[in-house]
Amino acid sequence: MTVDEIDLARQAAEDEDAAMASGDVVELRSNLGRIFEEIKDTRRTASGVNVSPETALECSAVLACVRVLSESMAAMPMNVMRRRPDGGAEIATDQHLHDILAYQPNSWMTSFEFKELMQSWLLLWGNAYAYIKGGKKGGVTELIPLHPSRMEIKRLENGKLQYLYREATTLVAPIQEPTKYRQDEIFHLRWLSSDGVTGFVPTTISRDAIGLARATELYSGAFFGNGARGGVYISVEHPQKPEALSRFKAAWDEAHRGPANAYKTIVMPFGFRKNQDDVRNDTNQLIETRRYQVEECARIFRVPVHMLGEVTKVRHSTAEQAAIDFVTFSLIPWCRRWELACRRDLVVDDKNYFVQFDVNSLMAGDYAARSQFLREMWNMGALDIDELRAQIGYNPLPDGQGKKRFVQVNMQLLDAFTPNNPTGQNPASTEQPPAAPADEQPAIDAQQRAAAEVTFKTALRRLAGIEAAGVLERRNKPEKITAWLDSMQARMIDELRDAAEATGRNIGQFAVDWTNRSRELLLECHRSGQKYESATEDWCAKHL
C-alpha cells in the first residue's frame, strides 16, 4: 500500500471509532445501510455471533417469542366496527375494509398469514409496511406487504412522508430505481422510535443478549458434535515438519470429529502423545446460562417465560395469572398500535367507524370462572339466552325464543321504596303496552347508504391524492396538466362507477364537475401567485 492509501485507511478507522464513541443510534440510518453493515460483518456481538433480524430467528428463544406474539395477534379476530347512536358498536359487515382485515387482505394471503407476517416484521425490524391498493370496490382493495429492509422514509417540506421502496434485485435488473409512494398509499406499523418516523430495530438494540443465547446453542452443538469431550491437543517429543503435522491433524479430525466417530481407534506415530483439555460444563454453568438467556429473550419481547417452554420456576397457580398478564401487558399494546395505525391509514370516516381486536376469547379463563361469570350476567339480566349461547359457541334458539331476559324476583329499584310504599311493591300498572316497533326498513336503507358513502369517499380521497401528485409533477407544463386532468376524469368515471351508483350519484356529471373545479383551483393559484404545494393541499376537501 502507498502512503496515501495508508493515511486514508487510518483516517477511515479514526472516523469509525469517533462515530462509535459518539453514541449515535444505529437505527437512524437507512435500512440499506444496516444491511450493508451486516454483510460486512460489523454486526458481530461481544459473544462473536453475528446478529441481524434474519439471523436472530436462529436462536430458539427468539423464534419462540416471535411465534408466540405473531400467532397470538394473528389468531385474534380483527373487525371494522360501526358506532351506534345508543353508544354501542356493531361489526360493519357491509364495509369492504372489514372483509380485507378479517378474511383476505390480498389475492394470495389469508388474514391470519397477513397479520402473522406483519407482526413478525414489527418484532424483528421494528417496522412493517403494506401498499394500499385501490380499486372499484372502495378505497382499499388489497394490502400488499413490502419488506422493511428495502424501505426508506423521507419527510417532505409540507410535513408529509414519502416512502421509497427498492424492489429485489435480479440478474436482469441488478439496479432498480426506488418506487415512490405517498403517505396515504402505505399502511405503516412502527415500534418505539426516536424521531416518530422509523422504528428502532429490536434485534439490533438487544443483539448482545440474543448473541449470547445463540453462542451457548452453538457451543453446545459443537461440544456434543465432538463426542461430548473437551478439546484435544497433541504433543510430540521431537520436532516435526509442518507437512507431517498437517497430515496427522487431518487424519485425526477425519477419524474423531463428529458424533458418529466418537471413541474410534487411531494409530499414533512414535513420539506423539494425546492430551485432554479438561472442560467441565457443570463448572461453567452451561445449563444455567442457557436457561437464563431464555429468560433474557422473554424479557426483551415481554413474553411469559412459561410460554417458551421454561417451566422450572412456574407453578400452575401462577401460570393462569401470567396468561392474563400476557394479554394485558403484551398483546394489548400491540393491538392498540394496529388499531390506531388502521385509523390513521385505512379508515376514512373515523367518527363512525373504527378497527378493533376481539380479545374476549383470550380473557375467558377456565370453565369454572367462565361459568360463574356467565351465571352472574344471566342473573342480572345483562345477557339473554341467545347472547349466552353465543358465548359458548351455540346457535340462537328458533322463533326468537332466546331473546328474553330474566331477573330475580326479589330485585327492585331503589326509587320504588317511598314512605307511602315502604315495601317497594309496585301497584298494578294501568299503562298501555308499548306500541309495536315501526317498520325498520327505512333505517336499514339509511345505514346501507351511509356505508356506501364511506366507501365512495375513501376511493375518492385516494384518486384525489393521485391527481394532486400528478399536478405537482407537471406544474411547469400547462398542456400536460390539461391532459392529466382529462385522464383523471376518465379514470374517476371507471373506478368510482360502482361506488357512486350505491350512493345515488351520477358519476359522469360528478367527474365533470370535479374536473371543472380542479381547473378553477389551478387558475386561481396561477392568478394569485400561490405555490402549487399550498393549492393542492387538502385537494379532496376543496372539491366537496
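These notes cover the structure that comes with them.

Moving on: the packing of helix α3 (residues 60-75) against helix α5 (residues 111-125). How two helices pack is summed up by the angle between their axes together with the distance between the axes. Orientation of α3 relative to α5, taken along the N-to-C sense of each, is 140°, at an axis distance of 8 Å. By the angle class used here, α3 and α5 are oblique. Read as a crossing pair, α3 and α5 show a hand that is right-handed. Across the interface between the two elements, V62, V66, L69, S70, E71, M73, A74 and A75 from α3 touch F112, K115, E116, Q119, S120, L123 and L124 from α5. Considering only residue class, the contact of α3 with α5 consists of nine nonpolar, three polar and three charged.

What follows concerns the packing of α3 against helix α10 (residues 286-301). For the pair α3 and α10, the least separation of the axes is 9 Å and the interaxial angle reads 35°. Crossing geometry of α3 relative to α10 is assigned as right-handed. Together, A61, V62, C65 and L69 of α3 and V294, C297, A298 and F301 of α10 make up the contact between the two elements. Looking at the contact of α3 with α10 residue by residue, the class counts come to eight nonpolar, no polar and no charged.

A side chain with one charge can pair with a side chain of the opposite charge if their charged atoms come near. Evaluated as defined, the whole model comprises 23 salt bridges. The residue R182 makes a salt bridge to D184 at a minimum N-O spacing of 3.1 Å. Sharing partners across several salt bridges, the network here consists of E58, R214, E217 and R290.

Looking now at the packing of aromatic side chains. Enumeration over the complete set of coordinates arrives at seven aromatic pairs. With centroids separated by 6.0 Å and ring planes inclined at 70°, the aromatic side chains of Y129 and Y163 adopt a geometry described as edge-to-face. Of the two residues, Y129 is situated in strand β3 (residues 127-135) and Y163 in strand β6 (residues 161-165); the sequence distance between them amounts to 34 residues. With respect to class, Y129 is no different from Y163; both count as buried. Of the aromatic side chains, those joined through ring pairs into one cluster are F187, W338 and F357. Positioned above the aromatic ring of W484 is the side chain of R474, whose terminal nitrogen or guanidinium carbon lies 4.2 Å from the ring centre.

Tracing the backbone through its elements, the reader meets K115 in helix α5. Sequence-distant contacts of K115, defined by excluding residues within four places in its chain, comprise M73, A74, M76, P77, M78, W338 and F357.

Another aspect to go through is the sheet that holds strand β7 (residues 179-182). Pairing is antiparallel in the open sheet, where three strands are placed in the order β5-β6-β7. Of all strands in the sheet, those with a lone pairing partner are β5 (151-155) and β7, marking the two edges. Each strand axis lies, on average, 25° off the axis of its neighbour in the sheet, ignoring direction. As paired elements, β6 and β7 share four bridges and run antiparallel to each other. The residue of β7 that forms the bridge with L164 is K180.

Reading the values: the criteria
Residues numbered from 1 in each chain as written. Predicted model: local features only at pLDDT ≥ 70, side-chain atom pairs only at ≥ 80, totals over all residues. Heavy atoms only, no water. Axes fitted to C-alpha atoms, helices over the stretch in contact; angles between N-to-C directions. Helix = DSSP H or I, 4+ residues; strand = E, 2+ residues; numbered from the N terminus. Parallel < 35°, antiparallel > 145°, perpendicular 65-115°, else oblique. Left-handed = near helix turned anticlockwise from the far one by under 90°. Contact = heavy atoms within 4.5 Å. Nonpolar A, V, L, I, M, F, W, Y, C, P; charged D, E, K, R; others polar. Salt bridge = Lys/Arg side-chain N within 4 Å of Asp/Glu carboxyl O. Phe/Tyr/Trp six-rings, centres within 6.5 Å; stacked < 30°, edge-to-face > 60°. Buried < 20%, exposed > 50% of the residue type's maximum accessible area, 1.4 Å probe, protein only. Lys NZ or Arg CZ within 6 Å of the ring centre and 35° of its normal. Pairing = 2+ DSSP bridges.

Keep in mind that these numbers describe shape and distance, not what the molecule does.
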